[in-house]
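Analysis of the macromolecular model
The lines below spell out each chain.
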Amino acid sequence: MNPPSLLATGLILGVLWASWHFLGDFTGSRASYGELFVPHFIAFWLAPLTAFRLLIVWVYEHTQSLLLAQLMHVSYTAVLFVMRPTSPSATQ
């Protein structure tokens, strides 16, 4: 049996990674987005996480460096945390 291709592996892991974040985003953002929650989740979680996971899988396959793959994940999380907009105050 042949192992799955890089594309298949990246897509499967990307969808699993996004699904892992679904519950947290659902409980934290569902009220804010209402009926637009599904398009929000697809645009801001499913698509970017799947694309980035494809890149991580490609880098891992070509470097065999688990540390580099972990650093890529950490950098993605750090950028999301640092670049997150602040909540406006009541006066703003």
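My aim in this report is to walk through the structure given alongside it, one point at a time. (Residues numbered from 1 in each chain as written. Predicted model: local features only at pLDDT ≥ 70, side-chain atom pairs only at ≥ 80, totals over all residues. Heavy atoms only, no water.)

**Quick look at the environment of Ala8**
The test is simple: The numbering of helices and of strands both runs from the N terminus, where a helix is a DSSP run of H or I of at least 4 residues and a strand a run of E of at least 2. Burial classification: accessible surface area is computed with a 1.4 Å probe over protein chains only, and a residue below 20% of its type maximum counts as buried, one above 50% as exposed, and the rest as partly exposed.
Checked against the element boundaries, Ala8 lands in helix α1 (residues 6–33). Accessibility expressed as a relative area gives 26% for Ala8, which makes it partly exposed.

**Thoughts on the packing of aromatic side chains**
Here is the rule: When the centres of two rings from Phe, Tyr and Trp lie within 6.5 Å, Trp using its six-membered ring, the rings pair. Their planes under 30 degrees apart give stacked, over 60 give edge-to-face, and anything left gives tilted.
Under the counting rule described, the total for this entry stands at eight aromatic pairs. Ring centres of Trp17 and Phe52 lie 6.4 Å apart, and the angle between their planes is 40 degrees; this geometry places the pair in the tilted category. Of this pair, Trp17 sits in helix α1 while Phe52 is found in helix α2 (residues 37–63), placing the two residues 35 residues apart along the sequence. Like Phe52, Trp17 is buried.

**Some details on α2**
We count it as follows: To estimate the expected span of a helix, subtract one from its residue number and multiply by 1.5 Å. We define the bend at each residue as the angle formed by axes fitted to the 7 residues ending at it and the 7 residues starting at it. Two residues qualify as a contact provided that any one of their heavy atoms is within 4.5 Å of a heavy atom in the partner residue.
When the terminal C-alpha atoms of α2 are compared, their 37 Å separation across 27 residues agrees well with the 39 Å that a helix rising 1.5 Å per residue should span. The sharpest bend along α2 reaches about 30 degrees and sits at Ala43. Three or more residues of α2 are buried, namely Phe37, His40, Phe41, Leu49, Thr50, Phe52, Arg53, Ile56, Val57 and Val59. Looking at the packing, one finds that the buried side of α2 touches α1 and α3 (66–83). Positioned one or two residues after α2, Gln64 has a phi angle of 55 degrees, which is positive.

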